[in-house]
Each structure stands twice: as structure tokens, then as C-alpha cells.
Amino acid sequence: MINRKLALVFAGLLGPMQAASAKECLLSHATYREPRSGAVMQFRPLANEPAALTTQVFSLSVPNTGMSLPADVTWTNGRNSFPLGTIRHTCTDDDREAGLQDGSGLCRIWDGQVYALTGGGAEQLNSREATPAPKGLLLPDFGAAFTEWADFANTNPDGSAWDAFTLTGCSDE
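A quick note: this is a predicted structure, and the numbers were derived from the prediction, not measured.

1. What to know about the environment of aspartate 111
Now for step 1: Relative to the elements of secondary structure, aspartate 111 occurs in strand S6 (residues 107-113).
Now for step 2: The partly exposed category is assigned to aspartate 111, whose relative accessible area is 45%.
Now for step 3: Residues aspartate 111 and valine 73, 38 residues apart in the sequence, show an inter-C-alpha distance of 9.5 Å.
Now for step 4: Filtering out sequence-adjacent residues up to four positions away, aspartate 111 remains in contact with Gly85 and Thr86.
Now for step 5: A distance of 3.5 Å separates polar atoms of two side chains, one belonging to aspartate 111 and the other to arginine 108.

Structure, rendered in C-alpha cells:
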């Protein structure tokens, strides 16, 4: 009888502990998915990133291609700094002619301000590395840029994308 009561107490405590762990997911370990295209953002902790103002790095998995694109979030300088995200890919000649190549030697698919989606709307992403993962991320104009990008369009001819990503998981790495 005592063992049964202990098991019930333990089971009762396990639920809140699991919920607390989910709330403790840091952005540097979060996984987000864009529902329409199926693109997945996987954040990872900073290693030895070259840019001093880089606070988050992630990769974007492109549906039906096996491609994983490098990406990051950096902060502008100044009193009213804000987060700028960039998603890159290997340049084509057309990309270079269009001026999309940057200092990394890669070309931009998307760049713009990144917003945290919370229960109350969109707000500025936090600049600290130990930022709790928001419920979602908003990348304005991502959907249009991603849908028009040739590598996505060719493998997903009827595909499209939105600008909002939803938190789907948390990595232990």
C-alpha cells in the first residue's frame, strides 16, 4: 500500500517537472518548424563564431532537398540595437551578379529582423545567449524569399512558406 502511494506521489510530481523542463528550453537548443513548407530551424549553442555580435546560430533544413543552410542572428550596434537574422546558401553566378554574396563567401536567401512570438504577440528577441526559447519566431518576408529561391522552388513546385515558425522541440546538445 505504501509503495502504491509513493508511486502516485512520484507520478504526480513527474508531470510538473516535465512541464518545467519544457519551459526551460533555451533558444540555443530550440527547434522550430514552418508549417506550410516544412522548413525546420535547428538552433545550436555558440562555438567559436567569427562575429562578435552573433548571439545565436542555427541551420535551416530545406524540405525535399537534404540541404541544411547556415544561418545566424546578430545584433546591430548602438543604443537601440535589434536582432538581424541571415540565412545563406552556396552562391550561383546569378546570385553573385545580383549582389547577394556577403563577407562569408555565401549568398543570402533571407535577411531581416527576427521577432519572438509570445502568447501576447510579437516582440523583440532577447539578446542574451541564455534566452528562453519563445513559442515561435517571426521572420518578416521569409515566406516570399524562400518560396522564390530556386532550390526550394525546383524541388517543391507547389510549395509555399509563411513567415512564422513554431517551437517543436528542444535538443540536449
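2. A short note on the packing of aromatic side chains
Now for step 1: Scanning all chains against the criterion turns up six aromatic pairs.
Now for step 2: Taken together, the ring pairs in this structure connect Phe142, Phe146, Trp149, Phe152 and Phe165 into an aromatic cluster.

3. A look at the environment of phenylalanine 58
Now for step 1: Here phenylalanine 58 is to be found in strand S3 (residues 54-62).
Now for step 2: Counting along the chain gives 14 residues from phenylalanine 58 to aspartate 72, while the straight-line C-alpha distance between them is 5.8 Å.
Now for step 3: Apart from the residues within four sequence positions on either side, phenylalanine 58 is in contact with Met41, Gln42, Phe43, Arg44, Leu69, Pro70, Ala71, Asp72, Val73 and Ile87.

4. Side note on the pattern of salt bridges
Now for step 1: A full pass over the atoms with the stated rule returns four salt bridges.
Now for step 2: The closest approach of N and O atoms between arginine 88 and aspartate 72, which form a salt bridge, is 2.9 Å. In this pair, arginine 88 sits in strand S5 (residues 83-89) while aspartate 72 sits in strand S4 (residues 67-75), placing the two residues 16 residues apart along the sequence. With respect to burial, arginine 88 and aspartate 72 carry one shared label: buried.
Now for step 3: Here aspartate 102 ties to arginine 88 by a salt bridge, and the two come within 2.7 Å at their closest N and O atoms. Here the residue aspartate 102 occupies a position in the loop between helix H2 (93-97) and S6, and arginine 88 occupies one in strand S5, the gap between them amounting to 14 residues.
Now for step 4: Assessed through its relative accessible area of 17%, aspartate 102 is described here as buried.
Now for step 5: Taken together, the shared-partner salt bridges connect Asp72, Arg88 and Asp102 into one network.

5. Quick notes on the state of the cysteines
Now for step 1: Enumeration over the complete set of coordinates arrives at two disulfides.
Now for step 2: Each sulfur in the disulfide pair cysteine 25 and cysteine 170 lies 2.2 Å from the other. Residues cysteine 25 and cysteine 170 are joined by a disulfide whose S-S torsion is about 100°; by sign, that bridge is right-handed. Of this pair, cysteine 25 sits in the loop between helix H1 (2-23) and strand S1 (30-33) while cysteine 170 sits in strand S10 (residues 164-170); the two residues are 145 residues apart in sequence, bridging distant segments of the chain.

Reading the values: the criteria
Residues numbered from 1 in each chain as written. Predicted model: local features only at pLDDT ≥ 70, side-chain atom pairs only at ≥ 80, totals over all residues. Heavy atoms only, no water. Helix = DSSP H or I, 4+ residues; strand = E, 2+ residues; numbered from the N terminus. Buried < 20%, exposed > 50% of the residue type's maximum accessible area, 1.4 Å probe, protein only. Contact = heavy atoms within 4.5 Å. Polar contact = N/O pair within 3.5 Å; in protein donor to acceptor, adjacent residues only side chain to side chain. Phe/Tyr/Trp six-rings, centres within 6.5 Å; stacked < 30°, edge-to-face > 60°. Salt bridge = Lys/Arg side-chain N within 4 Å of Asp/Glu carboxyl O. Disulfide = S-S within 2.5 Å.

By themselves, these observations are geometric and do not establish any function.
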